[in-house]
Amino acid sequence: NEIYLQGLAGNKPPFTTDLTALEDAAAAVLTPEALGYVAGGAGSGATMRANREAFDRWRIVPRMLTDATDRDLTTTLFGNDLPAPVLLAPVGVQSIVHPDAELATARAAAGLGLPMILSTAASRTIEDVAEASGAGPRWFQLYWPNHPDVCASIVGRARKAGYTALVVTLDTWTLAWRPQDLDRAYLPFIRNEGTAIAMSDPAFRALLAKSPEEDEQMALLQWVGMFTGTDKSWQQLAVLRDLWDGPILLKGIQHVDDARRAADAGMDGVVVSNHGGRQVDGALGALEALPGIAQAVGDRLAVLFDSGVRTGADVLKALALGAKAVLLGRPYVYGLGLGGEDGVRHVLRSLLAELDLTLGLAGHRSPATLSPEVLVRA
Ligand code: FNR
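Residues numbered from 1 in each chain as written. Predicted model: local features only at pLDDT ≥ 70, side-chain atom pairs only at ≥ 80, totals over all residues. Heavy atoms only, no water.

Regarding the protein chain, the UniProt comment filed under Cofactor (unreviewed entry) reads as follows: "FMN". Taken directly from UniProt, the Sequence similarities (unreviewed entry) text for the protein chain runs: "Belongs to the FMN-dependent alpha-hydroxy acid dehydrogenase family." (UniProt positions renumbered as here; feature names shortened; annotations may be inferred.)

Structure below.
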């Protein structure tokens, strides 16, 4: 309504309301390197395509005369009410798309009351983003450092700065083969776009001080090396459990047995995700993994979902297949590139409005009445 009424005064939206057209719109304003980094995926791009195909294989069956005039998107997660079942996925190095980077994203998210999940690879510090969030809900995404002091320090900073949930990303213990970046010899971390948290961290700096001959480039490599390797185990999750007294979610879960192990390890949730198709080429579409996982552990864990969500209909489908909430990735990053804080807000509001309308037109007043029966296989 707001957009149509503004239109009467000759005012159009700042950029497209077609959430599937954002990448093309952003291509006009981002550098080729930044666009390639954000839009790109692993290898041939098969997993990114699978993410979309998985959504396309489900179709919504609308119901009539259900009185869905007054709708309520409110969702409770870990005892907190959210205005809608939507969060901002952790996306690092946001300074490559806009100088205000994560601060702009935090302000837009806070204004709408949606949780922003701050990445360990952010371009701004934990504390600065917390300040920009104000009273807004904030979660922290952990790339799990190999060094125990650095791990404890970063997790402790997040807790102190008011982040309420910890999202531990397990699928990126090394960076995948990403031709879009390899062809340009482009890695934002090496360009110092994702090291704000490292360089402001006392424990990490103490490690650097022990090897004073190292220059900045070496420090960056040491930071990247902090997350590389597979010496972690399910048992070691107990360490994180000890460090963090709030909810912990494991991100990157795609197998039912891994979801069960997460529950057995005392975790509070999982994010069913393939990192937006950026890690394993040729993997299953993330939505394909969702119903089985939701069925197996939905009563023990908060099952969240990301990878490939573009429209309100996509959100509805993921909720119907058992997700408690979804994370949005690339679309809001394109919004950030196109318009900073206002751009992120425009994308988020468009998604929420489209979700609200689609839910109502499908015959539902709230996400609570969604179930797999709302969908059919194409
Ligand atoms: C990511 N993602 C990500 N995930 C994470 O846990 N930590 C991170 O630092 C990043 N960084 C990052 C950068 C960029 C440019 C992208 C596009 C993605 C993955 C992200 O959280 C999420 O899983 C996907 O983006 C979801 O898929 P869609 O919505 O982009 O299709």
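Next, the rest of the story.
**Student:** Just checking my understanding: could you explain the pattern of salt bridges for this structure?
**Tutor:** Side chains that carry opposite charge are capable of pairing whenever their charged atoms lie near each other. Following the criterion strictly, the structure yields 13 salt bridges and no others. As a salt-bridge pair, Arg57 and Glu288 come within 3.6 Å of each other at their nearest N and O atoms. In this pair, Arg57 sits in the loop between helix H4 (46–56) and strand S1 (58–60) while Glu288 sits in helix H14 (residues 286–297), placing the two residues 231 residues apart along the sequence. Among the residues examined, Arg57 registers a relative accessible area of 32% and is labelled partly exposed. (Salt bridge = Lys/Arg side-chain N within 4 Å of Asp/Glu carboxyl O. Helix = DSSP H or I, 4+ residues; strand = E, 2+ residues; numbered from the N terminus. Buried < 20%, exposed > 50% of the residue type's maximum accessible area, 1.4 Å probe, protein only.)

**Student:** What exactly am I supposed to notice about the site of the ligand here?
**Tutor:** Surveying the vicinity of the ligand reveals 21 residues, the closest of which are Pro90, Ser119, Thr169, Asp306 and Arg310. Within the backbone of Arg330, a nitrogen or oxygen atom sits 3.0 Å from an oxygen atom of the ligand. Contact with the protein chains removes 98% of the 610 Å² of surface that the ligand exposes when unbound. Its atoms largely coinciding with the cavity grid, the ligand occupies the second largest pocket. Looking at the shell around the ligand residue by residue, the class counts come to six nonpolar, 10 polar and five charged. (Near = heavy atom within 4 Å. Polar contact = N/O pair within 3.5 Å; in protein donor to acceptor, adjacent residues only side chain to side chain. Areas by Shrake-Rupley, 256 points an atom, 1.4 Å probe, with all protein chains shown as cover. 1 Å grid on protein atoms, 1.4 Å probe; cavity = no way out; pocket = protein on both sides within 12 Å on 5 of 7 lines; lining within 4 Å. Sits in = over half its atoms within 2 Å of the grid points. Nonpolar A, V, L, I, M, F, W, Y, C, P; charged D, E, K, R; others polar.)

**Student:** Looking at this model, I keep getting lost on the pairing of strand S7 (residues 166–169). Mind explaining?
**Tutor:** Of the two faces of S7, the one holding Leu166 and Val168 and the one holding Val167 and Thr169 are both buried throughout. By the bridge criterion, three bridges tie strand S6 (residues 138–142) to S7 in an arrangement that is parallel. Its bridge partner being in S7, Leu142 is matched across the sheet by Val168. Where S7 lies against strand S8 (residues 248–253), four bridges are found, and the strand directions are parallel. Note on S8: the bridge partner recorded for Thr169 is Lys251. (Pairing = 2+ DSSP bridges.)

**Student:** Help me understand the layout of surface pockets in this model?
**Tutor:** It is the rolling of a water-molecule-sized probe over the atoms that shows where space remains empty. Empty space within the largest pocket amounts to approximately 830 Å³. Lining the largest pocket are 20 residues, and of these Asn1, Ile3, Arg349, Ser350 and Ala353 sit closest to its centre. Looking at the lining of the largest pocket, the elements with two or more residues in it are helix H1 (2–8) and helix H16 (330–361). Element by element, the count of residues in the lining of the largest pocket is highest for H16, at nine residues. (Points joined across faces, edges and corners; volume = space filled by probe spheres on them.)

**Student:** Where do I start with the UniProt feature "active site" (unreviewed entry) in the protein chain in this structure?
**Tutor:** Those places that UniProt annotates as "active site" (unreviewed entry) correspond, in this numbering, to His275. Within the secondary structure, His275 sits in the loop between strand S9 (269–272) and H14. Dropping the residues within four chain positions of it, His275 is found in contact with Tyr143, Thr169, Asp171, Thr172, Arg178, Lys251 and Ser307. Among the polar contacts made by the side chain of His275, one reaches the side chain of Thr172 at a distance of 3.1 Å. (Contact = heavy atoms within 4.5 Å.)

**Student:** Honestly, the packing of helix H15 (residues 312–320) against H16 in this entry has me stumped. Any pointers?
**Tutor:** Between two packed helices, the angle of one axis relative to the other and the distance separating the axes together describe the packing. Between H15 and H16, whose axes approach to 7 Å, the crossing angle comes to 60 degrees. Our pair here, H15 against H16, has a crossing hand that is right-handed. Together, Gly312, Ala313, Val315 and Leu316 of H15 and Leu351, Glu354, Leu355, Thr358 and Leu359 of H16 make up the contact between the two elements. In the contact of H15 with H16, the residues fall into six nonpolar, two polar and one charged. (Axes fitted to C-alpha atoms, helices over the stretch in contact; angles between N-to-C directions. Left-handed = near helix turned anticlockwise from the far one by under 90°.)

**Student:** I keep staring at the nonpolar core and nothing clicks. Help me out?
**Tutor:** Soluble globular proteins tend to pack their nonpolar side chains together in the buried interior. With 105 residues, the main nonpolar core has Phe140, Tyr163 and Phe305 as its most contacted residues. When residues of this core are assigned to their parent elements, the largest contribution, 11 residues, is made by H16. Setting aside its immediate chain neighbours within four residues, Phe140 contacts Ile117, Leu118, Ser119, Thr120, Ile126, Ile154, Ala158, Tyr163, Ala165, Leu166, Val167 and Ile197. Core analysis: the next-biggest nonpolar cluster, separate from the first, contains 14 residues, Leu77, Ala165, Val167 and Val271 among them. (Core = buried A, V, L, I, M, F, W, Y, C linked by side-chain atoms within 4.5 Å.)

**Student:** Explain the packing of helix H7 (residues 148–160) against helix H10 (residues 202–209) here, please?
**Tutor:** The geometry of H7 relative to H10 is characterised by a closest axis approach of 7 Å and an angle of 150 degrees between their N-to-C directions. By the angle between their axes, H7 is roughly antiparallel relative to H10. Along the contact surface, H7 presents Asp149, Val150 and Ser153, while H10 presents Pro202, Ala203, Phe204 and Leu207. (Parallel < 35°, antiparallel > 145°, perpendicular 65-115°, else oblique.)

**Student:** How should the packing of aromatic side chains be read in this particular structure?
**Tutor:** The full count for this structure, using the stated rule, is seven aromatic pairs. With a centroid separation of 5.2 Å and an interplanar angle of 65 degrees, the aromatic rings of Phe204 and Trp223 are classed as edge-to-face. Of the two residues, Phe204 sits in helix H10 while Trp223 sits in helix H11 (residues 216–225), which places them 19 residues apart along the sequence. Exposure remark for Phe204: the relative accessible area of 0% places this residue in the buried category. (Phe/Tyr/Trp six-rings, centres within 6.5 Å; stacked < 30°, edge-to-face > 60°.)

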